[in-house]
Structures are given as structure tokens and as C-alpha cells.
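# Structural features, examined
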Amino acid sequence: MNEEQLLKYAREISTNILGRIAIADLTKEKGAEKLLAEIGHILDQYSLQVDEVLPDAVLNHYFGGADEATKALRDIVDKPKPISRIIHEEAVGNIMDDTMMDMQSAIRTAKASAVSTVTNALDSVQGDIAKGLITGEPRKVMQQHVAKSFEAEGLTAFITSDGKKLPLDFYAMTVTRSKMRHASIQGNVQRYKENDQDLVQIIENDDSCAVCANHNRLVVSLTGETEGFPTIDEIELPPYHPNCRGTISPYAIDFKSSKEVEQALARNDEYVEGEDPRTEEQKKAYEKEQEARRRANEEKKQYARWKGVMGDDAPKNLGAFRRMKRQDTVKFQELQSEYRSISQRISGGG
Ligand SMILES: [Zn+2]
């Protein structure tokens, strides 16, 4: 399993737990206990996979970054120094520790939130049944109630400082993608330092967000030893966000003309923290791309839901589904009403 497959695994945890709720007999204490044990087990299994997959993934991204740096160094030095194990082991070890600490604490939080959500939902629904506020077949009513609470906030992995509850799959994706980019950049950084290449230039795509655009083409000093250039404490290196595509490349000042150095210094002077230097056109292009991505993502999720509910009745692949939806064909409308009626039956009309 690689880290992307691990993210897919994380996305399936909720569905998996909802499946257990759907067959649990929560009218009996034993049934509720069994469900809680199963949820614990599902999250323990995930935790084991995280332990197995993520350290290796960090290692791969880190040394992938170091290899990139070696290639870039070959253009500016005759013979890059061999890789020193001590330097890199420490750097990569720190990133692994951070990554694992974030993930394991997220899993612990998710476990606690799942248990308390299910327990609270059970308590409240039992109370309502006892008071006669809810009628219907108790087993079904309880399953539905617990499933709804669980879907709403059963797998909270992290609570932000402003009180936002982040679900486990989303949080795992954010941590994993950011840490992998970070590992790759750090592989570059340590390799450059090892070869006394102090200056690096931040390179971003043209279609980037405000933060990336603001850092594009800045030249910074890794150690603070080159006068006239900001350090990486003053100007951070990428990644600036999950899925950030920013990279760094060595800035070999000895090979630059005085005019080129002047231009680099002038670019550095333009930098204002927190500013968005993009033209209106660039902003629009970026928004448009984000919108297309959001839509594609939405369609992907919707297709997965259709597939889950309608099985072989659903379009046979995502591409077919997309075409049908974008053209809003009659077949699409028929399938849409089929999906709605099935899912209403499942959730008991609610
Ligand atoms: Zn960006």
C-alpha cells in the first residue's frame, strides 16, 4: 500500500462503520457494546496501516527530493558530495516523527469522538423511545438515529482553534499531502546544504494561488550565511498548503551576471508578506481551474454514491456518468430519480 491508497482506505472507514451500524442490534446492550468494539477495531486496523505505510512514504519523498537536488547540483558543481547518512537520517527522522504524531493523535481523537457520538446518540434515542416521542420499530429507529449522528460528526479527527471539526479522512489527506511535500523539499534542502549550496530559488507554477505567487522566484539563504538575502526563517519555503506544487532550485550566484543578481535582489525587494501579486487575469484563471477541480471532485463523489446505491444500474464508469450529467440526458434524469427514491427508502424518508 502507498500513501494514496492509505488515503483511500481512510475514506472507506466511515462507510465501513455505517455498514456495521446498519446490521447492529442496538436495542440490546450487548449489541451496542459489540458495535463500539468493532469501531475500535476498525480504527486500530487503520492505525496499524498508518504505521506501516507512512514512514516509508516519508522516506521515499525525502530521498526523491535529495535525488532531484543531486541532479540539479550536477549542473553547477563537478561532483556532488556523496550522501552523508547522519545528516539525512536526522532530518528524515524528524519529519517521520512529526507525521506519525499528527496521525496517531488524529486517530485517537477520531476514536474518542466515534465512541462518544454513538453512545450519546443511543442514550438520547433510548430516552425518546421511552418517553414515546419516537415511534416505529425500535431496532430500525435506533440504527437510523445512530447512523445520522455518526455521519454528522462521528469521526472528528481534529478541532481547529476556531472550533471547526475536521473529519478523519480530510485531516489525514491534509497531513499526508503536506508532509510528503515537506519531506521532498527538505530532501532538497539538506542535500544543498551538504554541498555548501546556500542560495535557493522558490519556483511556482504560473497558475498558482496568492500565497504561492507571492513567493515565486524569491531567492533565499538556507543557512543565513549569504549576506543580502533573507533566511528561510524570514521567508518560508514551500509547501504553503496541501497539494502545493512549489519547488526550490539551487541559485548558483557565481554563475549569474551582475544584471541577473540585480534582478533577483529587485524581486526580493518587491516581496510583501501576505500580499497577492497576481494580475486580475491570473486570479481569474486560477479561480476557473479551482472551480473545474471542485466540479470534477463533486462528480466523482456523486458517482461513487450512485454506484453504491444502484450498482450495475449506474453508468458503467465515471466518464460515462460525467457526459450524461453534463448533457443532462433523459437517462440521467431517470437514474437520478431512481437514486433519490432508493436513498429515501434507506434513510426512512428523511
Ligand atoms: Zn498555492
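It should be emphasised that the depicted structure is a prediction, and the values quoted were computed from it without experimental measurement. (Residues numbered from 1 in each chain as written. Predicted model: local features only at pLDDT ≥ 70, side-chain atom pairs only at ≥ 80, totals over all residues.)

## Looking at the sheet that holds strand β3 (residues 199–203)
With antiparallel pairing, the 3 strands of this open sheet are ordered in space as β4-β3-β5. Both outer strands of the open sheet, β4 (219–221) and β5 (247–250), are each paired with one neighbouring strand and no more. Across the sheet, the mean angle from the axis of one strand to that of its neighbour is 40 degrees, orientation sign disregarded. Of the pairings in the sheet, the one linking β3 to β4 comprises 3 bridges and is antiparallel in character. Note that in β4 the partner of Q201 across the bridge is V219. (Pairing = 2+ DSSP bridges. Helix = DSSP H or I, 4+ residues; strand = E, 2+ residues; numbered from the N terminus. Axes fitted to C-alpha atoms, helices over the stretch in contact; angles between N-to-C directions.)

## A look at the domain arrangement of the protein chain
When cut into domains, the protein chain gives domain 1 (3–176), domain 2 (198–278) and domain 3 (281–346). Measuring from the centre of the C-alpha atoms in domain 1 to the corresponding centre in domain 2 gives 35 Å. Elements that contribute at least two residues to the side of domain 1 that touches domain 2 include exactly α2 (29–74) and α5 (168–194). Along the lines of polarity and charge, the residues of the side of domain 1 that touches domain 2 split into 4 nonpolar, 1 polar and no charged. (Domains from an automatic or database assignment. Nonpolar A, V, L, I, M, F, W, Y, C, P; charged D, E, K, R; others polar.)

## Re helix α1 (residues 3–23)
When the terminal C-alpha atoms of α1 are compared, their 31 Å separation across 21 residues agrees well with the 30 Å that a helix rising 1.5 Å per residue should span. E12 marks the point of greatest bend in α1, at about 30 degrees. Buried within α1 we find E3, L6, A10, I13, I17 and I21. Against α2, α4 (138–153) and α5 lie the buried residues of α1. (Expected span 1.5 Å × (residues − 1). Bend = angle between axes of the 7 residues up to and from the residue. Buried ≥ 20, exposed ≤ 12 C-beta atoms within 10 Å, placed from the backbone. Contact = placed C-beta atoms within 7 Å.)

## With respect to the pairing of β3
One ladder, built from 4 bridges, connects β3 with β5; its direction is antiparallel. Residue I203 lies in a different strand from β5, and its bridge partner there is T247.

## Here we look at the packing of α1 against α4
As a packed pair, α1 and α4 sit with axes 9 Å apart at the nearest point and diverge in direction by 165 degrees. It follows from the interaxial angle that α1 and α4 lie roughly antiparallel. In this structure, α1 crosses over α4, and the sense of that crossing is right-handed. Contact residues: I17, L18, I21 and A22 in α1; Q143, V146, A147 and F150 in α4. Of the residues assigned to the contact of α1 with α4, the class counts are 7 nonpolar, 1 polar and no charged. (Parallel < 35°, antiparallel > 145°, perpendicular 65-115°, else oblique. Left-handed = near helix turned anticlockwise from the far one by under 90°.)

## Overview of helix α7 (residues 258–270)
Look at α7: 19 Å from first C-alpha to last across 13 residues, which is about the 18 Å you get at 1.5 Å a residue. Across the 13 residues that make up α7, only a small minority, 1, are buried.

## A few points about the packing of helix α3 (residues 85–130) against α4
Contact geometry of α3 with α4 gives a least axis separation of 9 Å together with a crossing angle of 140 degrees. For α3 against α4, the interelement crossing comes out right-handed. Contacts from S113, T117, V118, A121, L122, V125 and I129 in α3 reach P138, V141, M142, H145, V146, S149, F150 and E153 in α4. By residue class, the composition of the contact of α3 with α4 is 10 nonpolar, 4 polar and 1 charged.

## Things to note about the nonpolar core
Residues A106, A110, V146 and L168 are the most contacted members of the largest nonpolar core, which totals 58 residues. Only α1, α2, α3, α4, β1 (156–159), α5, β3 and β4 provide two or more residues apiece to this core. A per-element tally of this core places α2 first, with 13 residues. Beyond its immediate sequence surroundings of up to four residues, L168 is in contact with A10, I13, A106, A110, L155 and A157. Membership of the second largest hydrophobic core comes to 5 residues, among which are C209, C212, A213 and C244. (Core = buried A, V, L, I, M, F, W, Y, C linked by C-beta atoms within 7 Å.)

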